[in-house]
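This is what each chain is made of:
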Amino acid sequence: MLASGVQVGQLMTIGIMAIALGLDAFSLGIGIGMKGIRLLDILKISLIIGLFHVLMPLMGMFMGQYVSLLLGNVATAAGGCLLILLGAHMVYSSIRGEEASAFDHRTLWGLIIFALSVSIDSFSVGVSLGMFATDIVLTVLIFGLFGGLLSIAGLLLGRRVSGWVGEYGEAFGGLILLGFGIKFLL
C-alpha cells in the first residue's frame, strides 16, 4: 500500500526532528570522544542514549495527549510554543558555550546522567508531539535510532577532530526545532 502525501510529510517531519534532537547527543559525544574513549564504551553510551531517546519522548507524548484532551485546540499552540522555547534554548546554550558537566562514562550513574542530559529535550518534544495525531511507536523508534546513531557518530568523530564542530551541531538542531515550532503556530 502506498503512503499518502500527508503520511510521507509526517514521516519526514519526525525524521528531521529526530535528527535535530540527536544533534545534541552528537555534539556532546564529540566532546566526550575528544577525551579518548574505547569502542566498547562508545557502544554502551550510544545504546543507553538510544534507549533514553525512546523513553523520554514516549513519556512526553503520553503527557501531551493528556494535555491535549484537557485543552483541545489550545494544545497545538502550546506545543508550537514549547518547540520554539526548546529550540531557542538550544541555540542560546550553544552560543553561550555551556558544556555538559563532567561525568565518568564508565560508571552506571555517569552513563545515566549523560544519557538523561542529552535526552531531556526529547521529553519536551514528546509533549508537543503528543498533542498532535502521530504514530507513537514509529516516532519513538525513529527518535531512538537517530539518537543512538548520532551519538555513535559524535563519539567517533570526537576521537578525530577538534571541538568547534560540537557547538554548531547543537545550534543547528535548535534552529530546526525552532522552525518546527513556528510551523506549528502558523
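Residues numbered from 1 in each chain as written. Predicted model: local features only at pLDDT ≥ 70, side-chain atom pairs only at ≥ 80, totals over all residues. Heavy atoms only, no water.

**Points about the overall build of the chain**
Turning to step 1, where the next piece is worked out: A count of helical and extended segments in the chain gives six helices and zero strands.
Turning to step 2, where the next piece is worked out: Starting at the N terminus, the α and β elements of the chain follow one another as α-α-α-α-α-α.
Turning to step 3, where the next piece is worked out: Within the chain, residue pairs in contact and separated by at least 24 positions form 94% of the contacts whose partners lie at least 6 positions apart.
Turning to step 4, where the next piece is worked out: Summed over all atoms, the accessible surface of the chain reaches about 9,700 Å², with 73% contributed by carbon and sulfur. (Helix = DSSP H or I, 4+ residues; strand = E, 2+ residues; numbered from the N terminus. Contact = heavy atoms within 4.5 Å. Areas by Shrake-Rupley, 256 points an atom, 1.4 Å probe, with all protein chains shown as cover.)

**Quick look at a nonpolar patch on the surface**
Turning to step 1, where the next piece is worked out: Taken together, the side chains of Leu40, Leu43 and Leu47 present a nonpolar region at the surface, about 300 Å² in accessible area.
Turning to step 2, where the next piece is worked out: Structurally, leucine 40 can be placed in helix 2 (residues 39-71). (Patch = residues over 30% accessible without salt bridge, like charges linked within 9 Å, V, L, I, M, F, W, Y side chains within 5 Å. Salt bridge = Lys/Arg side-chain N within 4 Å of Asp/Glu carboxyl O.)

**Quick notes on the confidence of the model for the chain**
Turning to step 1, where the next piece is worked out: Per-residue confidence for the chain gives a mean pLDDT of 77, with 74% of residues at or over 70.
Turning to step 2, where the next piece is worked out: For the chain, helix 6 (residues 164-185) is the element with the lowest average pLDDT, namely 67, and helix 5 (residues 136-158) is the one with the highest, namely 90. (pLDDT = per-residue confidence, 0-100.)

**Regarding the nonpolar core**
Turning to step 1, where the next piece is worked out: In terms of nonpolar packing, the biggest core is built from 16 residues, with Met17, Met61, Val125, Leu129 and Phe143 touching the most fellow members.
Turning to step 2, where the next piece is worked out: Those elements that place two or more of their residues in this core are helix 1 (5-34), helix 2, helix 4 (108-130), helix 5 and helix 6.
Turning to step 3, where the next piece is worked out: Residue contributions to this core peak at five residues, all from helix 1. (Core = buried A, V, L, I, M, F, W, Y, C linked by side-chain atoms within 4.5 Å. Buried < 20%, exposed > 50% of the residue type's maximum accessible area, 1.4 Å probe, protein only.)

**Structural notes on the pattern of salt bridges**
A side chain with one charge may pair with a side chain of the opposite charge, provided their charged atoms come close.
Turning to step 1, where the next piece is worked out: As enumerated under the stated definition, the model contains two salt bridges in all.
Turning to step 2, where the next piece is worked out: Between aspartate 41 and arginine 38 there is a salt bridge whose closest N-O contact spans 3.4 Å.
Turning to step 3, where the next piece is worked out: Of the charged contacts in the structure, one is a salt bridge between lysine 44 and aspartate 41, with a shortest N-O distance of 3.6 Å. Pair noted here: lysine 44 and aspartate 41 are both in helix 2, with a separation of three residues, about one helical turn.
Turning to step 4, where the next piece is worked out: You can call lysine 44 partly exposed: its relative accessible area is 36%.

**Notes on the side chain of threonine 139**
Turning to step 1, where the next piece is worked out: With respect to the helices and strands, threonine 139 occurs in helix 5.
Turning to step 2, where the next piece is worked out: Judged by relative accessible area, which is 0%, threonine 139 ranks as buried.
Turning to step 3, where the next piece is worked out: Reaching out from threonine 139, the side chain makes a polar contact with the backbone oxygen of aspartate 135 at a distance of 2.7 Å. (Polar contact = N/O pair within 3.5 Å; in protein donor to acceptor, adjacent residues only side chain to side chain.)

**Re helix 5**
Turning to step 1, where the next piece is worked out: The end-to-end C-alpha distance of helix 5 is 32 Å, a good match for the 33 Å that 23 residues give at a rise of 1.5 Å each.
Turning to step 2, where the next piece is worked out: Sitting at the head of helix 5, aspartate 135 places a side-chain oxygen 3.4 Å from the backbone nitrogen of valine 137. (Expected span 1.5 Å × (residues − 1).)

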